[in-house]
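Here is how the chains run, residue by residue.
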Amino acid sequence: MTDSNGFLSERLLVVAFEGWNDAGEAATGAVGTLKGLLDVSPLAEIDPETYFDYQFNRPTISTGEDGIRVLEWPSAIMYGPTSPGESAVPLAVDAQLRVSGTNAGNIYLLLGTEPSRSWKSFASEILDAALAADVGGIVFLGAMLADVPHTRPISIFVSSDNPQVRAELQIERSSYEGPVGILSVLAIAAEALGIPTLSIWASVPHYVHNAPSPKAILALIDKLEEIIDVVIPRGDLVNEAAEWQSGIDVLAGEDEEMAAYIAQLEQARDTVDSPEASGEAIAQEFEKYLRKRGDGRDGRADGRADGRPGPEGPRQP
C-alpha cells in the first residue's frame, strides 16, 4: 500500500500492444481480460492509415451476428471507466465478474497493435489522449521469450525510470540497453511530459512461442493486482494455465531432447531461486542467459524468428 498522494492515487492507464512486446500474447491477453471485467467504453482511437503497414499488420474480416461481413483494422484504442473515480464493490452474485477495490474506477486501458511507422507522432497522439483523460500514471505490460522452464512460476520483472515510483513501490530500474519496442518509446515520452510510468514484464518459455500462454497472462494479472491495489477475478485462467502446462508436459514426454533441455532450465532456475544462492552464482546464470539470448536463436519476442535481439524486457534469467 502507498500513501494517498502516491502513484496509486492517480488515474492509471494500463497498456499492451500486439507484436514485438507480446510473447505468448500474454500482455494483450492480460489487458483484454481487464477489458472484459471493467465497465469501460472507448475514449479515443488511433487512425490506422497513418501508422500501419497493412502488408505487415493485415486487417481481418469476420461475420457479425447480423450476417454482415466486417473488416477490423489494426489500431490502438483507449478505454475509460463509465463512472471515473467510483469504487467498484460488486454484489455477491457478480463478484467473479467484475474488478473490485477502491482503485477500480481509476483504471483506464490502452489496447492495440504496435505501429509500423511514425512512432513519435503515434506516441504524441496516445499521450494527448491520456492527458485529456487526466491520466496520472501509466503501467506498461510486456512479455518476452526467454530461457525459462514452463514448469516453474513465470518470472516477472517490474521496473520504472521514475525515482518516485521506484521509492514508493520498492522496485528497480531496468538496466537494459539495445533495440526497443513501442512501450519504451511511450514510456520515455510520458516521463518527459511528467507522467510517471512503470513496466511489468513476463518471461515466456521460448520453446512454446507459437501458442498463447495463459500461465503468463495469469502471472501478469497477479502482479498487476498487487501493484495497482484492486481485486481481479481470474475466471477460467487458473484452469487454462494448468492445462497449458500439462499440454507441454505431454509434448516433452514424447521428445527426449526437449525433456532434457527443460530439465537443464529447471536446474538453472532452481539454483537461482534457492535460498543459499550467492550473488556470484546468480551472476553466472545471468551471463549464461545473456550469451544464449545473443545467439539469435530465440528470435523476436512475438515468436517471429528474424534473428533480432530481444525487446526491452527484463535482463534476468
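These numbers were taken from a predicted model, which means no experiment stands behind them.

Applying the stated criterion across every chain yields a total of four aromatic pairs. Here the aromatic rings of Tyr54 and Trp73 are separated by 4.8 Å at their centres, their planes lie at 55°, and the arrangement is tilted. Placement of Tyr54 in the loop between helix H2 (48–51) and strand S3 (60–63) and of Trp73 in the loop between strand S4 (69–72) and strand S5 (76–81) is noted, with a sequence separation of 19 residues between them. Here Trp73 falls in the partly exposed class, since its relative accessible area comes to 38%. Note on Tyr207 and Tyr261: the rings are 6.2 Å apart at their centroids and 85° apart in plane angle, and the pair reads as edge-to-face. In this pair, Tyr207 sits in the loop between strand S9 (197–205) and helix H6 (214–228) while Tyr261 sits in helix H8 (residues 256–273), placing the two residues 54 residues apart along the sequence. Accessibility expressed as a relative area gives 18% for Tyr261, which makes it buried. Aromatic ring contacts, followed pair by pair, group Phe17, Tyr51 and Phe122 into a single cluster.

For the rest of this paragraph, the subject is the sheet that holds S5. The mixed open sheet is built from seven strands, whose spatial order is S2-S5-S6-S1-S7-S9-S8. With partners counted over all chains shown, the strands left at the sheet margins are strand S2 (40–45) and strand S8 (156–159), one partner each. The average angle at which neighbouring strand axes cross in this sheet is 25°, direction not considered. By the bridge criterion, five bridges tie S2 to S5 in an arrangement that is antiparallel. Residue pairing across strands places Val40 opposite Pro81, the latter belonging to S5.

On to the pairing of S5, then. For S5, the tally of buried residues reaches six of six residues, placing the bulk of the element in the interior. Both faces of S5 are covered, namely the face carrying Ala76, Met78 and Gly80 and the face carrying Ile77, Tyr79 and Pro81. Of the strand pairs in this sheet, S5 and strand S6 (residues 107–113) are connected by four bridges, and their pairing is antiparallel. Looking at the pairing, Tyr79 lines up with Leu109 of S6.

In this section: the packing of helix H7 (residues 237–253) against H8. It is the contact of H7 with H8, at a shortest axis distance of 6 Å, that shows an interaxial angle of 120°. By the criterion of interaxial angle, the relationship of H7 to H8 is oblique. Across the interface between the two elements, Ile248, Leu251 and Ala252 from H7 touch Met258, Ala259 and Ile262 from H8. In terms of residue class, the contact of H7 with H8 is made up of six nonpolar, no polar and no charged.

This part covers helix H5 (residues 182–192). For H5, the complete set of buried residues consists of Ile182, Leu183, Ser184, Leu186, Ala187 and Ala190. In the core, the buried residues of H5 are packed alongside strand S1 (12–18), helix H3 (119–132), strand S7 (137–146) and S9. Immediately downstream of H5, the backbone of Gly194 shows phi near 90°, a positive value.

This paragraph deals with a negative patch on the surface. A grouping of Glu45, Asp47, Glu49, Glu125 and Asp128 is seen on the molecular surface, where their side chains present a negatively charged patch. Position of Asp47 relative to the elements: it lies in the loop between S2 and H2. Judged by its relative accessible area of 42%, Asp47 falls in the partly exposed class.

Bringing the packing of H6 against H7 into the picture now. At their nearest, the axes of H6 and H7 sit 7 Å apart, and the two run at 140° to each other. Of the possible angle classes, the one that applies to H6 and H7 is oblique. In this structure, the crossing between H6 and H7 has a hand that is left-handed. Residues Pro214, Lys215, Ile217, Leu218 and Ile221 of H6 touch H7, and the partners they reach there are Leu237, Val238, Glu240, Ala241, Trp244 and Gln245. Residues belonging to the contact of H6 with H7 are distributed by class as follows: eight nonpolar, one polar and two charged.

Let's shift gears to the pairing of S7. Buried residues dominate S7, accounting for ten of its ten residues. Summarising the sheet, S7 and S9 pair through nine bridges and their orientation is parallel. Of the residues in S9, the one forming a bridge with Ala143 is Ala202.

A word on the layout of surface pockets. Unoccupied space between atoms shows up once a probe the size of one water molecule is rolled over them. Volume-wise, the second largest pocket comes out at about 370 Å³. Taken together, the elements giving at least two residues each to the lining of the second largest pocket come down to S5 and S6.

Moving on to the pattern of salt bridges. Following the criterion strictly, the structure yields six salt bridges and no others. With its nearest N and O atoms 3.2 Å apart, the salt bridge here joins Glu226 to Lys223. Of this pair, Glu226 and Lys223 both sit in helix H6, three residues apart, roughly one helical turn. Judged by relative accessible area, which is 57%, Glu226 ranks as exposed. Accessibility expressed as a relative area gives 21% for Lys223, which makes it partly exposed. What emerges from the salt-bridge pattern is a single network uniting Arg152, Glu266 and Asp270.

What counts, and where the lines are drawn
- Residues numbered from 1 in each chain as written.
- Predicted model: local features only at pLDDT ≥ 70, side-chain atom pairs only at ≥ 80, totals over all residues.
- Heavy atoms only, no water.
- Phe/Tyr/Trp six-rings, centres within 6.5 Å; stacked < 30°, edge-to-face > 60°.
- Helix = DSSP H or I, 4+ residues; strand = E, 2+ residues; numbered from the N terminus.
- Buried < 20%, exposed > 50% of the residue type's maximum accessible area, 1.4 Å probe, protein only.
- Pairing = 2+ DSSP bridges.
- Axes fitted to C-alpha atoms, helices over the stretch in contact; angles between N-to-C directions.
- Parallel < 35°, antiparallel > 145°, perpendicular 65-115°, else oblique.
- Contact = heavy atoms within 4.5 Å.
- Nonpolar A, V, L, I, M, F, W, Y, C, P; charged D, E, K, R; others polar.
- Patch = residues over 30% accessible without salt bridge, like charges linked within 9 Å, V, L, I, M, F, W, Y side chains within 5 Å.
- Areas by Shrake-Rupley, 256 points an atom, 1.4 Å probe, with all protein chains shown as cover.
- Salt bridge = Lys/Arg side-chain N within 4 Å of Asp/Glu carboxyl O.
- Lys, Arg positive; Asp, Glu negative; His and termini not counted.
- Charge placed at Lys NZ, Arg CZ, Asp CG, Glu CD.
- Left-handed = near helix turned anticlockwise from the far one by under 90°.
- 1 Å grid on protein atoms, 1.4 Å probe; cavity = no way out; pocket = protein on both sides within 12 Å on 5 of 7 lines; lining within 4 Å.
- Points joined across faces, edges and corners; volume = space filled by probe spheres on them.

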